[in-house]
Structures are given as structure tokens and as C-alpha cells.
Amino acid sequence: MYTEYQPSHLLAPYIDNYWEFKGNPEYGMRIHILPDGCTDFVFTLGEVADTVEEESLIMQPYRSYFVGPMTKYSELITYSESVHMFGVRFLPCGLSCFTKFPLHEFVNDRISTREMKAVFDDTFVERLCEQEHIGDRIRIVEEYLLSYLSRHYESADSHIVVAVDIINQFGGKRPVRSLIDEVCLCQRHFERKFKYYTGFTPKEYSRIVKFKNAVELLRNTTSPNLLTTAVNAGYYDLAHFSKEIKTLSGSTPASFLSTAPVDIQIVEIPSVAILLIGTGRGYPSLFTEASTTTSHLCNNSVAFSFIVFVDIILLDLYYTCKDNGINLCSIVKNRLLQTYFCGSI
């Protein structure tokens, strides 16, 4: 339903991707659009998904819109039987080579192209609607953008381009102070220019890049140990990591985890053993209470057992507290009994 397409090498320095959202979604399906540091031109080639935010502009069919830099997630909901939307996503600093309007004035904003004079006018959507295939739409967009560049090209600010590249390279973990030293600008001047060309302060953009990196790490792991992922993404506190993911995406970290099969493993908890059978079977787990350790459990009959679904966040909290000498045995057992009990064997 949602597909991304890469730009040609001539436009790759400016365009992140082209995307198409087309299909027959379920009624009332909710879609979270995550902040990524980019800006989009959106063309509605049919019915569209409605925005949940009351103050946000409601998009209409067969129109075009500009979506500014996002510092928070946006939620859409589908009420129509079918949707068809096409978008051009510009990289940070990429749009500034086409037009020099201040992006910080459009943060978390969605406006009609009728209200702005920048790159695409409101009639461009008609040309896209005339094409039946996505390849033809992309070809028209690329021909138009290359022609536009030949007539209106303005080089991006080199200081800001360097700063953005450094932030991306370090996954948002580079201190802002070191960026200022790198680009040789005073802090006030640097932050003002950065905000003008990207829509963000350097700190805001670094936060979004770190978030993107964290989501990518989560999507490529099946490990229930979220603390490891948090540290690799640059977060040194699991609570802060979980809060950031929830704030910027509207979802928990566990919701991004890969569902690829994993090897069977034993998570050892005093007097409580949880056997992870593997995510490939829908997260089934065997919870067994034993009077001794896991090794005793594996070699002897068990007192009783029942099927539960393991709370990945809870397991991660166990690992964290174990390292700090905190016993969460009773908390783990009670949480599993109260929340995930499915039936006795």
C-alpha cells in the first residue's frame, strides 16, 4: 500500500525519495507519520486519509500540499474505500536549492500550494493524474525538477550542509557545541541559519536523527533487551529511550521490533522461568513457576504451567534491575499473572 522509490542520481542530493500511498485500507485505519527531518510535497490523486489533528488542514482530492518539517508525529485515519496519494520528499537543505523560503515558518504545518509560490504550483497535480503508472509520474516529476533547477538553482549554505551531514553521520549523537566549532560560526548565527534552511534548531534535528536511528535499530532486531538498543542509539537511560520513542512516534519501542524468528533461549529469573519459544510463532511463551533455578526446571517436572505472552518491556526492565542488584521476581510474576494469563494446562 505504501511504497518508496529512489530518485535518479542527478536528483539524489536533493530528493530523499518519492512515495505512493495507494490501496483499499480498512475503515478507520490509523496511520502515524513519523518526523524524519524532511519536507514533502503531497499530491492527492484520489481519496485521501484524513488528519486527526483538529487544527490541521484537511486535504481534498486532486489537490497539492506542502508539508513542513515535523517535530512530532502526525496521525491520519482512513474513512474512504480507497486512497491514492503521491509525494516528493526533499532532504534537509535539498529544498533550499530550489527555493529560499524560511522553513522554520512551516514547522508542523500543512498548507495548500495555492497559498505559496515554491517549486510546484496547484496545476501540477493535473499532469500527474493523467498518468496511469507510477513510473510515468516519477518521470514527469524528475523532468520538471531538473528543468526547474537549470533555471532557479541556488546553492545551499555550505555551513549548514556540513552540519547536517555531520549530524547524520553520527546518528544525532554529536554535541551541538562541537558542530559550532566544526563550521566556524558563532552559536547564535549558526542556529539562526540552521533553523532557516532546515526548519529545526541543531538540537531538534539531532533529536530527530537519533530517533530515526533508534527506530531503524528496533526494526532490525528481535532481541527483547531494549537497553542494548537504547545504548547503541545513544540513549543512556531506558526510561528516556522509551519516552522519546513514544513521544515522537505515538508507539512503544516494542511495537517496532522485528518479528523474524529467533533462537530458543532461557531467561533466568529467580524462582520464575520464562521460555521464549520464538517470535516467529506469534510470541508464545511458557511460564513456569519452580522452586529452584532454571536448570532445575529443565531437568525436573514442573509444579504448574500455562501459556502467556511475554511483555518485552518488562523483560528489559528485569535485565536493567538485575545489573543494579534489584530483585523484580515478584513484580515480574504478578505482572504476568495479572496481564497475560490465557489459561491453565
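Residues numbered from 1 in each chain as written. Predicted model: local features only at pLDDT ≥ 70, side-chain atom pairs only at ≥ 80, totals over all residues. Heavy atoms only, no water.

Observations regarding the packing of aromatic side chains
Point 1. The full count for this structure, using the stated rule, is 23 aromatic pairs.
Point 2. With centroids separated by 5.7 Å and ring planes inclined at 90 degrees, the aromatic side chains of Tyr14 and Phe98 adopt a geometry described as edge-to-face. Taken together, the residues span a long stretch of sequence, with Tyr14 in the loop between strand E1 (2-5) and strand E2 (15-23) and Phe98 in the loop between strand E8 (83-90) and strand E9 (110-112) at a distance of 84 residues. For the pair Tyr14 and Phe98, one class covers both residues: buried.
Point 3. The ring centre of Phe170 lies 4.9 Å from the NZ or CZ of Arg174, which sits over that ring.
Point 4. The ring of Tyr235 has Lys210 sitting right over it, with the charged end atom 5.1 Å from the ring centre. (Phe/Tyr/Trp six-rings, centres within 6.5 Å; stacked < 30°, edge-to-face > 60°. Helix = DSSP H or I, 4+ residues; strand = E, 2+ residues; numbered from the N terminus. Buried < 20%, exposed > 50% of the residue type's maximum accessible area, 1.4 Å probe, protein only. Lys NZ or Arg CZ within 6 Å of the ring centre and 35° of its normal.)

Comments concerning the confidence of the model for the protein
Detailed reading of the predicted coordinates is not advisable wherever pLDDT falls low.
Point 1. Looking at the protein, pLDDT values average 78 and 74% of them are 70 or higher.
Point 2. For residues 260-345, every residue scores under 50 in pLDDT, and the model assigns this stretch 142 contacts once sequence neighbours within four places are set aside. (pLDDT = per-residue confidence, 0-100. Contact = heavy atoms within 4.5 Å.)

Structural notes on the sheet that holds strand E6 (residues 64-67)
Point 1. With respect to topology, six strands assemble into an open sheet ordered E1-E2-E8-E4-E6-E9, the strand pairing being antiparallel. Two strands lie at the open edges of the sheet, namely E1 and E9, each paired on one side alone. On average, each strand axis in the sheet is tilted by 20 degrees relative to the strand beside it, whichever way the strands run.
Point 2. Both strand E4 (residues 39-44) and E8 contribute to a ladder of six bridges, which runs antiparallel. Bridging across to E8, Phe43 finds its partner in Phe86. (Pairing = 2+ DSSP bridges. Axes fitted to C-alpha atoms, helices over the stretch in contact; angles between N-to-C directions.)

Thoughts on helix H5 (residues 187-198)
Point 1. The end-to-end C-alpha separation of H5 is 16 Å, in line with the 16 Å expected for twelve residues at 1.5 Å each.
Point 2. Of all the residues in H5, the buried ones are Phe190, Lys193, Phe194, Tyr197 and Thr198. Seen end-on, H5 carries its buried residues on one side only, within an arc spanning 105 degrees. Those residues of H5 that are exposed and aimed more than 90 degrees away from the buried face are Arg188 and Arg192. (Expected span 1.5 Å × (residues − 1). Arc of directions from axis to C-beta.)

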